[in-house]
Amino acid sequence: MPALSEVLAALDALWPPERAEQWDAVGTVCGDPDAEVRRVLFAVDPVQEIVDEAVKLGADLLVTHHPLYLRGTTTVAASTFKGKVVHTLIKHDIALHVAHTNADTADPGVSDALAGALDLRILGPLVPDASDPAGRRGLGRVCELAHPMTLADFAAYAAARLPATAQGIRAAGDPDREIRTVAVSGGSGDSLFDDVRAAGVDAFLTADLRHHPASEATQNTQNGPLALLDAAHWATEWPWCEQAAAQLDAVSDRHGWGLRTHVSRTVTDPWTAHAASAQLTSPPGKTHPSGAPR
């Protein structure tokens, strides 16, 4: 069995920490470098439910996409929810390693996995990494559909292909518009509208779209209309877990480590229910003089 330090070196080779954004907090959160690693669990969020799953599985290493501590802290007391995560990990000899923005821009990275889940043909990065002479690394991906679909059909297709969440897929634009090309970016992507416009795609699929940026993006038709598809943040990044596990499997096979990798299928998206709005023509409680609803 490899030592944790050997596995961490392999993970850093796949997703070099120096390629993370300066504000990010990637790398190893806890773990004994000399401990042996047999089982590895991949997940999006380092929340207690996932840590408990790692304990039940008997994992020696938990690899997550999202950091546990993105900002500084002054305590790891078990009375705090993040402190409890740390206590549980250490008590059960489980290491925690994070690959976040360094995995977003990797080749392959988070958006490659998202495109793969949607069976899209990748044309290149949306925001190329200037330090990559091959032009393959970068944020997001510009893609082509296997065959054109209407926006409504593509939204339904994406909802069926991505992991199920309460949110599902929201779409902005003419439902009947034909979609041939699409930019995708796992996680929050509404800071990328200028890059999406420059790419000249028909649609943009990402997560966490806010009202004002989305409204401005759809109203700005100077270079043609842009359709938007807003998925759950967790759902757009979960496919990376399967991709990452396969990458570590390949490393393990080359070294003869015999690691057993697992991918958590626990849904850690924070939203748990969705109710469709009723078709109202006036605020609730307002009625016609006759008493009938407006």
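Details of the structure are given in the entry above.
All of these numbers come straight from a predicted model, not from anything done at the bench.

Looking now at the packing of helix α5 (residues 110–117) against helix α9 (residues 233–255). Contact geometry for α5 and α9: axes closest at 7 Å, N-to-C directions at 100 degrees. On the basis of their axis angle, the class for α5 and α9 is roughly perpendicular. Only Thr-236, Glu-237, Pro-239, Trp-240 and Gln-243 of α9 make contact with α5, whose side of the interface consists of Val-110, Asp-112, Ala-113, Leu-114 and Ala-117.

Strand order across the open sheet formed by five strands is β1-β4-β3-β2-β11, with mixed pairing between neighbours. Strand pairing shows two members of the sheet lacking a second neighbour, β1 (27–30) and β11 (260–263), which therefore form its edges. Shown here is a sheet whose adjacent strand axes are inclined to one another by a mean of 25 degrees, direction ignored. Across four bridges, strand β2 (residues 39–43) lies against strand β3 (residues 61–64) in parallel orientation. Along β3, the bridge assignment pairs Ala-43 with Thr-64. Sitting on the sheet, α9 is in contact with β2, β3 and β11, with an inclination near 175 degrees to β11.

Attention now moves to the packing of aromatic side chains. On inspection of all chains with the given rule, the structure shows five aromatic pairs. Aromatic side chains Trp-234 and Trp-238 sit 6.5 Å apart centroid to centroid with 40 degrees between the ring planes, which places their arrangement in the tilted category. Highlighted residues: Trp-234 and Trp-238, both in helix α9, separated by four residues, approximately one helical turn. By relative accessible area, which is 5% here, Trp-234 ends up buried. Using a relative accessible area of 11% as the deciding quantity, one classes Trp-238 as buried. These aromatic residues form a ring-pair network of at least three members: Trp-15, Phe-42 and Trp-240.

Rules behind the numbers
- Residues numbered from 1 in each chain as written.
- Predicted model: local features only at pLDDT ≥ 70, side-chain atom pairs only at ≥ 80, totals over all residues.
- Heavy atoms only, no water.
- Axes fitted to C-alpha atoms, helices over the stretch in contact; angles between N-to-C directions.
- Helix = DSSP H or I, 4+ residues; strand = E, 2+ residues; numbered from the N terminus.
- Parallel < 35°, antiparallel > 145°, perpendicular 65-115°, else oblique.
- Contact = heavy atoms within 4.5 Å.
- Pairing = 2+ DSSP bridges.
- Phe/Tyr/Trp six-rings, centres within 6.5 Å; stacked < 30°, edge-to-face > 60°.
- Buried < 20%, exposed > 50% of the residue type's maximum accessible area, 1.4 Å probe, protein only.

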